[in-house]
Amino acid sequence: MTPGRRDRPLKSVPLKGSNQLTVRDVNERLVLHLIRRHGTLTKAEATRATGLSANAVSEIFKALENDGLLLRGDPLRGRVGQPSVPMHLNPEARHYLGLKIGRRSFDMVAVDFVGGVAARRSTSHDYPTPKGLISFIKENLRPLLRSAKLKREDLAASGIAMPSELWHWAEEFVAPRAELEKWRNFDVKAELDSLLPGPISIENDGTAACRGELVFGPPTDKQDYIYFFVGTFIGGGVVLNGSVFPGRWGNSGGFGPLRIPDEPGGHRLIDHASLAVLERLLGEHNCDTKLLYDDSADWSALEPVLSRWITRASRSLAHAIVSAQAVIDFEAVIIDGALPHTIRDRLVAEVDRHFSHLDLQGVYRPEICAGHFGSIIRALGAAAYPISNDFMIDQNTLLRKEPAGQLSR
């Protein structure tokens, strides 16, 4: 079966092309964007979806195939006329490095053009420091490349995902304020420029996770959705018009400060739907918290505290979704996190149940579903930024002179 082949017809999309040769790059991006969103595309489907002429689409397909960005699938036979040939992305077209700077761990991946993980290196810590980050990169980059069977020059770019203003929130996860303050004047891009290959991009970790789901997740026809990532703190991102919307300051979807009513323990979403909260609750009951940093582990030993946290977190997430829906009527909500998939699925089911019990007058009820990647998505999302920037159409920044969304340092 052709990779990513759809069982449903391609829907019409708001993105349209131009037949003028002066915008060839935009048209090529548009075709690549649609193929990434839908898995495969034939010339006829591309012509209908983009509004381009059949001749223009044929030339674009030829150019992208010659550039090694597209591969031919098996011809679709049994139809009138010549068999259609679906085209799909070439995984080996480009490789990227993604680095996640997290409050509890560093994570580095080498990925291909469609998000396949060639190699991964991770380490956990009580809190992050610039010195620890540099040591992690120096110790792990070469082994990562060896495992991926790649050379440094094989990587087209490096992306970094990290929390905005990492020096904040020290009390919430028990870290020395003086140590976190070192990040305030640490120019991440400048300091890592000589260590990481290719051009470097930096994005908020929640936004990066959202971008990773959009760029590397299964094909979807959803154009507008919100994305929650449950990590040490709760974060996420926003997708509008089929593209990640980072916001003016690159922090759209920073859901932690959302106000949550009538929930003991705090008035913000971060006070309830974060792993830092679960860690604190486990500590109060003398439970081992090491399992929290292994999202492939069996968390059954964390009961009954785990179940109480899931109830508390899901109720708070349901309230947060209603607040978000009052601003924009999103089609869907995607929830992922640094959690075993069984725990994530429990959380999603509980959010859906609590949401049904809230007052939804005047609020569109979105589809609530699980993400597809777990903790690795932040590093994957970091690698997705240069792909997004170079090979996809962003309708939310199409008319801006410069793309928004990168963290300023």
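Look above for the structure.
### Thoughts on the nonpolar core
Okay, step 1: In this structure, Phe228, Leu269, Leu278, Trp299, Trp309 and Leu347 are the most contacted members of the largest nonpolar core, which totals 91 residues.
Okay, step 2: Per element, the largest residue contribution to this core is 11 residues, and it comes from helix α9 (residues 305-325).
Okay, step 3: Those residues in contact with Trp299, other than ones at most four positions away along the chain, are Leu275, Leu278, Leu291, Leu292, Asp294, Leu306, Ala338, Leu339, Pro340 and Ile343.
Okay, step 4: Leu141, Met162, Ala175 and Leu180 belong to the second largest nonpolar core, which has 30 residues in total.

### Here's the deal with the environment of Glu350
Okay, step 1: Tracing the backbone through its elements, the reader meets Glu350 in helix α10 (residues 341-356).
Okay, step 2: Linking Glu350 and Arg315, residues 35 residues apart in sequence, is a C-alpha distance of 7.7 Å.
Okay, step 3: Residues contacting Glu350, with those up to four places away along its chain left out, are Ile310, Thr311 and Ser314.
Okay, step 4: Among the polar contacts listed, one links the side chain of Glu350 to the side chain of Arg353, at a separation of 3.0 Å.

### Some points on the pattern of salt bridges
Okay, step 1: Following the criterion strictly, the structure yields 17 salt bridges and no others.
Okay, step 2: Residues Glu179 and Lys182 are paired through a salt bridge, measuring 3.3 Å at the closest nitrogen-oxygen approach.
Okay, step 3: You can call Lys182 partly exposed: its relative accessible area is 45%.
Okay, step 4: The residue Arg365 makes a salt bridge to Asp352 at a minimum N-O spacing of 3.3 Å. Taken together, the positions of Arg365 in the loop between α10 and β12 (367-370) and Asp352 in helix α10 put the pair 13 residues apart, joining distant regions of the chain.

Rules behind the numbers
- Residues numbered from 1 in each chain as written.
- Predicted model: local features only at pLDDT ≥ 70, side-chain atom pairs only at ≥ 80, totals over all residues.
- Heavy atoms only, no water.
- Core = buried A, V, L, I, M, F, W, Y, C linked by side-chain atoms within 4.5 Å.
- Buried < 20%, exposed > 50% of the residue type's maximum accessible area, 1.4 Å probe, protein only.
- Helix = DSSP H or I, 4+ residues; strand = E, 2+ residues; numbered from the N terminus.
- Contact = heavy atoms within 4.5 Å.
- Polar contact = N/O pair within 3.5 Å; in protein donor to acceptor, adjacent residues only side chain to side chain.
- Salt bridge = Lys/Arg side-chain N within 4 Å of Asp/Glu carboxyl O.

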